[in-house]
Amino acid sequence: MLLTYKNIQPLITSGKNVFSKWIGYFGLWIGVVLLLVSLQLFINIQQLLKENTPRKSGGYDFISISKIITNENMGMDNSFTKTDLNKLKLQPDIADVAPLISNKFRVQATAGDLIPFSTDLFLESINDNFIDTIPPTFSWQPGQLVVPIILSSDFLEIYNVFAPAQDLPQLSQKTISSVNIILECTGPYGKQNFKCNIVALSDRINSVLVPSSFMRWSNWHFMEDTTVHASRIYIKTKDANDPALISYLDQQGYHLNKDKVKFSRIKSVLQNIVSALGVFGILVIVLSLMLFSFYLQLMIAKSKSNLRLLLTLGYSPQWLATSVAKTWLPIYILIIVTALIVTEILHLLFLQFSFVSNAELPYLLHWIVWLATIVLLALTMLINLRLVKKELQIIL
Amino acid sequence: MEIHLRKIKPEYFTLSGKEVSQVWQHDISIIKGEHLQIVAPSGSGKTSLIHFIYGLRKDYSGTILYDNVNIKKFSTEDFSAFRQNKISVIFQDLRLFENQTARENIEIKRVLNPYHQPGAIDRMARKLGIENKLNQQVKICSYGEQQRIAIIRALMQPFEFLLLDEPYSHLDEENKNKAMELIDEECDQRNAAMVFADLKPLNFFTGEKIVYL
């Protein structure tokens, strides 16, 4: 059929007051930009902080707690007992608990001829599941003279800060694995030197970690002591910022490393802000669609007699509704496409200026943003069509 | 297609036994190719009857059937389909878009379901003597000219029934005959029925059915 909206366009007058229409378009554009940008930002923050949070893995936070040392309990045994651990495990917010077991014998470390330094050292071991970077070489069996070590990356950083002042070479993460360290383990029941290799650096655990098997063997071998003294434990929880968990730990007199949860706090604050922005975007979209509906009502009321005559002449109400609604399609597409472009530009700016540099974020918008765009366009058109149909029904 | 009127009567009418109507509360069938004249003085319900048949009003008792289907059961979409293909009308009050030109008024009907090429508009306008009015806004045309525009508009589509409600009230004898010829010609082409409501019988046709309201 030759029939297009152009044939009836002169009969559907919007009146001279098109101001509300343009305000509506502008509002819709702002709303769509806000929604898409906040959606993309939300995803960016989610991905960036996920990639950069070693404590977080598989949706869990790993945080260390210790007992608060006060003047009253100073000098007493402040390690966690088995009962303490079991009580913690029963907490609904805590998925798992692992003690950090330390050495009871004396350990001295020397770095051989390359780096002429020697220091007293402490060693700790923890359940492998709690270590963020665990290479397959991190294991030890009695008789093995080489002990693998996982070192806190903070320690490497501290070393690199003071090394130049002490005429020691600075070390990169890669070269540290080639440094030969000799561990001198001394106790009342023996003395032995071990060669050790730094097999990984951990961002999660601030310690010098050795395999649990080595710790058990050496504590027995040098001290003949198998009791477990854990002054520090790690807990695995869904959300380290859960107020219920924090208040429980406070009640128990446990000290939580606040620094460690700061990152999560920033993330949740950022996500709340971005979510609020998204909700605001939705609100603006709803408001502008309402403005549109007023404009549409006005338009249809003004063209009432013409529309009624068109229906009398045999024009189908369905065709009229679809044709009238379709006239907004180009402007809606324009609004959505320009909003997408703005979102893409803001996303690229975010990548360039974001406080966390991360090469893993793609340059293109996330597929959820594309999906949201399509859903938004479909929804807007559908609402529009329904509005026109409803208004036409009224005049029929 | 056939149209049947089954004992219809406007709801607002109270018929006394003395009145004689051959339409109200009677059964009338209109079939393709037939000419039916409905003759009645002003105020006896001619326009109402045309509106009932065309489906614009439902305030009547009895039933009107298109091909044995009660039109009161039709949806607006059903009526649209009938008004595009089967039934056309010339209203007494013309119902034109006043701010549009004569051509635009006719074209808006033509494009809906084209039976004629655009050239037919000029040909018919020439025949009815309004070819120089085609590009003029309807609101500045005389009533007689507007009547002729409405006639041409009604002839732009395919139809099996043409309803005419006092279509020549403002035409002189010569123009009336020209219009009648054109309508007759177009109805013949389509083998369409003509339902003609007027104040008195027309002497243009012979052999048509005349009923008095």
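Please refer to the structure placed before this passage.
Residues numbered from 1 in each chain as written. Chains lettered and ligands numbered in written order. Predicted model: local features only at pLDDT ≥ 70, side-chain atom pairs only at ≥ 80, totals over all residues.

1. Remarks on the overall build of chain A
Thought 1: A count of helical and extended segments in chain A gives 11 helices and 11 strands.
Thought 2: Burial statistics for chain A: of 396 residues in total, 28% are counted as buried. (Helix = DSSP H or I, 4+ residues; strand = E, 2+ residues; numbered from the N terminus. Buried ≥ 20, exposed ≤ 12 C-beta atoms within 10 Å, placed from the backbone.)

2. A few points about the interface of chain B and chain A
Thought 1: Taken together, the contacts link 14 residues of chain B with 17 residues of chain A.
Thought 2: Looking at the side of chain B that touches chain A, the elements that each hand over two or more residues are α2 (76-85) and α3 (102-110) of chain B.
Thought 3: At five residues, the largest contribution of residues to the side of chain B that touches chain A is made by α2(B). (Contact = placed C-beta atoms within 7 Å.)

3. A look at the nonpolar core
Thought 1: One finds B:I53, B:I149, B:I152, B:F161, B:L162, B:L163 and B:V195 to be the most contacted residues of the largest nonpolar core, which totals 56 residues.
Thought 2: Setting aside chain neighbours within four positions, we find B:I149 in contact with B:L96, B:A102, B:N105, B:I106, B:I130, B:V138 and B:C141.
Thought 3: Residues A:V97, A:I149, A:I198 and A:I205 belong to the second largest nonpolar core, which totals 36 residues. (Core = buried A, V, L, I, M, F, W, Y, C linked by C-beta atoms within 7 Å.)

4. Comments concerning the packing of helix α4 (residues 119-128) of chain B against helix α6 (residues 173-190) of chain B
All names here are of chain B.
Thought 1: Between α4 and α6, whose axes approach to 9 Å, the crossing angle comes to 145°. Facing α4, whose interface residues are M124, K127 and L128, α6 presents N175, K178, A179 and L182.
Thought 2: Per-class residue counts for the contact of α4 with α6 are four nonpolar, one polar and two charged. (Axes fitted to C-alpha atoms, helices over the stretch in contact; angles between N-to-C directions. Nonpolar A, V, L, I, M, F, W, Y, C, P; charged D, E, K, R; others polar.)

5. Side note on helix α8 (residues 304-313) of chain A
Residues and elements named next belong to chain A.
Thought 1: L307, L310, L311 and L313 are the residues of α8 that are buried. Mapping the buried residues of α8 onto a view down its axis gives an arc of 160°, with all of them on the same face.
Thought 2: Of the residues trailing α8, G314 is marked for its positive phi of about 115°. (Arc of directions from axis to C-beta.)

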